[in-house]
Amino acid sequence: MKKLFALLLVFILIFSLTACSQYSMPIENLVQFHWLEDGTKQQTPITISQSEQWVIVSILNAGVWVEDGVNAPDDYQFTVNGVRMGYIASGFFREYDRGYAHLLELSEEDTQRVNKILGFEG
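What counts and how
Residues numbered from 1 in each chain as written. Predicted model: local features only at pLDDT ≥ 70, side-chain atom pairs only at ≥ 80, totals over all residues. Heavy atoms only, no water. Phe/Tyr/Trp six-rings, centres within 6.5 Å; stacked < 30°, edge-to-face > 60°. Helix = DSSP H or I, 4+ residues; strand = E, 2+ residues; numbered from the N terminus. Buried < 20%, exposed > 50% of the residue type's maximum accessible area, 1.4 Å probe, protein only. Lys NZ or Arg CZ within 6 Å of the ring centre and 35° of its normal. Salt bridge = Lys/Arg side-chain N within 4 Å of Asp/Glu carboxyl O. Pairing = 2+ DSSP bridges.

Student: Sorry, what's going on with the packing of aromatic side chains here?
Tutor: Two measures describe an aromatic ring pair: the distance that separates the ring centres and the angle between the ring planes. On inspection of all chains with the given rule, the structure shows 4 aromatic pairs. Taking the centre distance of 6.1 Å and the plane angle of 45° together, the rings of tyrosine 76 and tyrosine 87 count as tilted. With tyrosine 76 in strand 4 (residues 76-80) and tyrosine 87 in strand 5 (residues 83-88), this residue pair connects regions lying 11 residues apart in the sequence. Comparing tyrosine 76 with tyrosine 87, the two get one shared label, buried. The structure contains a cluster of three or more aromatic residues connected by ring pairs, namely Tyr76, Phe78, Tyr87 and Phe93. A cation sits over an aromatic face here: lysine 41 above phenylalanine 33, 4.2 Å from the ring centre. Geometry around tyrosine 96 places arginine 84 over its ring, the cationic atom sitting 4.1 Å from the centre.

Student: Could you clarify how one ought to interpret the environment of glycine 86 in this entry?
Tutor: Residue placement: glycine 86 occurs in strand 5. Spatially, the C-alpha atom of glycine 86 lies 5.6 Å from that of tyrosine 76, the residues being 10 residues apart in sequence.

Student: Can you walk me through the pattern of salt bridges in this structure?
Tutor: One side chain can pair with another of opposite charge once the charged atoms of both are near each other. One pass over the structure, following the stated rule, counts 2 salt bridges. Across the salt bridge formed by aspartate 74 and arginine 94, the nearest N and O atoms sit 2.8 Å from each other. Here aspartate 74 is found in the loop between strand 3 (66-67) and strand 4, whereas its partner arginine 94 is found in strand 6 (residues 92-95), with 20 residues between them in sequence. Judged by its relative accessible area of 5%, aspartate 74 is buried. Of the charged contacts, one joins aspartate 110 and arginine 113 as a salt bridge, the two residues approaching to 3.1 Å between their closest N and O atoms. Note that aspartate 110 and arginine 113 are positioned in helix 3 (residues 108-118) at a spacing of 3 residues, about one turn of the helix.

Student: Please explain the pairing of strand 5 as it appears in this structure.
Tutor: Along any regular strand, the residues point their side chains to alternate faces of the sheet. In terms of burial, strand 5 is largely enclosed, as 5 of its 6 residues are buried. With 5 bridges connecting them, strand 4 and strand 5 associate as antiparallel partners. By the bridge assignment for strand 5, phenylalanine 78 is matched with methionine 85. If you look at the hairpin formed by strand 4 and strand 5, you'll find 2 residues sitting between the two strands, and asparagine 81 has a positive phi there, around 55°. Of the pairings in the sheet, the one linking strand 5 to strand 6 comprises 4 bridges and is antiparallel in character. Along strand 6, the bridge assignment pairs isoleucine 88 with phenylalanine 92. Two successive antiparallel strands, strand 5 and strand 6, enclose a turn made up of 3 residues, where glycine 91 displays a positive phi of approximately 115°.

Put into structure tokens, the structure is as follows:
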């Protein structure tokens, strides 16, 4: 009985920690980076609709985040729930403000959806 109770507590703890990391709207401070020949970047603010924000937030919440191992600069950055995020148009989201960077790799379909929302022309 004690083992069952301990297992139940562990399950509740894991579930509550997972629920705490869910993202919600709005997406704020969305900018697109334009990389110049000299290696510097310009940034352009972007506005997207609430329904487009919902699509991106849904993708962020549905994926499996892993330790960042991609050596590529962000094409876009934004904040969601106070967490700084990056997006690489080849299909990756980065989460920065949780001690170290995490990475979410998108499916080809989700990459196309996000790129269309953000107006990426590559």
